[in-house]
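Summary of structural features
Now for the letters of each chain:
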Amino acid sequence: MTKNKLTRTLIDSLMLILFIFEMSQREGRNIFLHAVLGTVLFALFIAHNILNIAYYKSLFRGKYPPRRVAMIAIDTALVLSLLVLIFSSVQISGMAFSFLPFKFEWLPIHKAAASWMFVIMAFHLGLHTNGLFNKIERRFSVGLGKWICFFCEILIFALGVFFFIKSRLWSAMIFYDRYVEVPPVPIFFLEYALIIAGACGALHFMLKRKGR
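Residues numbered from 1 in each chain as written. Predicted model: local features only at pLDDT ≥ 70, side-chain atom pairs only at ≥ 80, totals over all residues. Heavy atoms only, no water.

Counting 37 residues, the largest nonpolar core has Phe19, Met23, Leu85, Phe118 and Tyr192 as the members making the most contacts within it. Counting only elements with at least two residues in this core, the list comes to helix 1 (3-24), helix 2 (31-51), helix 4 (66-93), helix 5 (106-139), helix 7 (169-173) and helix 8 (185-210). If one sorts the elements of this core by residue count, helix 5 sits on top with 10 residues. (Core = buried A, V, L, I, M, F, W, Y, C linked by side-chain atoms within 4.5 Å. Buried < 20%, exposed > 50% of the residue type's maximum accessible area, 1.4 Å probe, protein only. Helix = DSSP H or I, 4+ residues; strand = E, 2+ residues; numbered from the N terminus.)

In structure tokens, the structure reads:
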């Protein structure tokens, strides 16, 4: 692994951990820490994009097969959700934009942006883990191993759907009341990791159906 790739991996891993931790915080608690870590998360996002500048340079070159179109659409949605997340957080903090004539209830918007960003990020990770799914399927492509692999994929997807419903992420995404009793941080991380794994599995299945 090259130094640049190692740096990207470390930054991406830290971004993911920080983002899930931010989502695990109960409303009204550790507000200062939430703001500080949110700022760190934004800085890491900028660093992530700088390190992947080659991706932006290649956007207007080459062909656009379905997988590439999906990647661009997912990445664009990810950036847009982040911008809404940042803007709403600034509005909530009261630091700026108080002169604007329109007023919103920014907390539901902030929750919705965070929820959408998490789900979109899960599918973004799915694009990068699709190769891993393919390698595992090739490794266990015959006999009992094939059926065990298939069962594990179905189980991961089912657990992802279950915890997506349990977390009420869906309700935040449609601006519905999302307040639920948040589990302890380690359990929260496990549940959200399974949501990500389920999304990765779902995207792998869709790409497989398209033969990509």
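Picking up after the structure, the text goes on.
Together, Phe157, Val161, Ile165, Trp170, Ile174 and Tyr176 line one region of the surface with nonpolar side chains, adding up to about 580 Å² of accessible area. When residues in the nonpolar patch are grouped by element, the largest group, three residues, is from helix 6 (residues 143-167). Tracing the backbone shows Ile174 in the loop between helix 7 and helix 8. The exposed category is assigned to Ile174, whose relative accessible area is 54%. (Patch = residues over 30% accessible without salt bridge, like charges linked within 9 Å, V, L, I, M, F, W, Y side chains within 5 Å. Areas by Shrake-Rupley, 256 points an atom, 1.4 Å probe, with all protein chains shown as cover. Salt bridge = Lys/Arg side-chain N within 4 Å of Asp/Glu carboxyl O.)

What follows deals with the side chain of Asp75. Secondary-structure assignment places Asp75 in helix 4. The exposure class assigned to Asp75 is buried, which follows from its relative accessible area of 14%. Within the local environment of Asp75, its side chain forms a polar contact with the side chain of His124, the two groups lying 2.7 Å apart. The residues touching Asp75, leaving out its near neighbours within four places in the chain, are Tyr55 and His124. (Polar contact = N/O pair within 3.5 Å; in protein donor to acceptor, adjacent residues only side chain to side chain. Contact = heavy atoms within 4.5 Å.)

Another point: the state of the cysteines. By the definition in use, this model includes zero disulfides. Cys149 takes part in no disulfide bond, and the closest cysteine sulfur, belonging to Cys152, lies 6.8 Å away. Of the residues examined, Cys149 reaches a relative accessible area of 10% and is grouped as buried. Classification of Cys152 by relative accessible area gives partly exposed; the value is 36%. (Disulfide = S-S within 2.5 Å.)

A separate point is the packing of aromatic side chains. One pass over the full model with this rule turns up six aromatic pairs. Relative to Tyr56, the ring of Tyr55 has its centre 5.3 Å away and its plane inclined at 75 degrees; by these criteria the two rings are edge-to-face. Judged by its relative accessible area of 22%, Tyr55 falls in the partly exposed class. On the basis of an interplanar angle of 85 degrees and a centroid distance of 6.3 Å, the ring pair of Trp147 and Phe150 is categorised as edge-to-face. You can see Trp147 and its partner Phe150 sitting in helix 6, three residues apart, about one turn around the helix. Taken together through their ring pairs, the aromatic side chains of Phe19, Phe118, Phe188 and Tyr192 make up a single cluster. (Phe/Tyr/Trp six-rings, centres within 6.5 Å; stacked < 30°, edge-to-face > 60°.)

If you trace the backbone, Phe19 turns up in helix 1. Its relative accessible area of 4% is what places Phe19 among the buried residues. Contact partners of Phe19, with chain neighbours within four places excluded, come to Leu41, Leu85, Ala114, Met117, Phe118 and Met121.

In contact at an axis separation of 9 Å, helix 1 and helix 2 are set at 150 degrees when each is read in the N-to-C sense. Considered as vectors, helix 1 and helix 2 are oriented roughly antiparallel to each other. By crossing handedness, the relation of helix 1 to helix 2 is classed as left-handed. On the side of helix 1, the interface is formed by Asn4, Thr7, Arg8, Ile11, Asp12, Leu14, Met15, Leu18, Phe19, Phe21 and Glu22, while helix 2 contributes Leu33, His34, Leu37, Gly38, Val40, Leu41, Leu44, Phe45, Ala47, His48 and Leu51. Grouping the constituent residues of the contact of helix 1 with helix 2 by class yields 14 nonpolar, five polar and three charged. (Axes fitted to C-alpha atoms, helices over the stretch in contact; angles between N-to-C directions. Parallel < 35°, antiparallel > 145°, perpendicular 65-115°, else oblique. Left-handed = near helix turned anticlockwise from the far one by under 90°. Nonpolar A, V, L, I, M, F, W, Y, C, P; charged D, E, K, R; others polar.)

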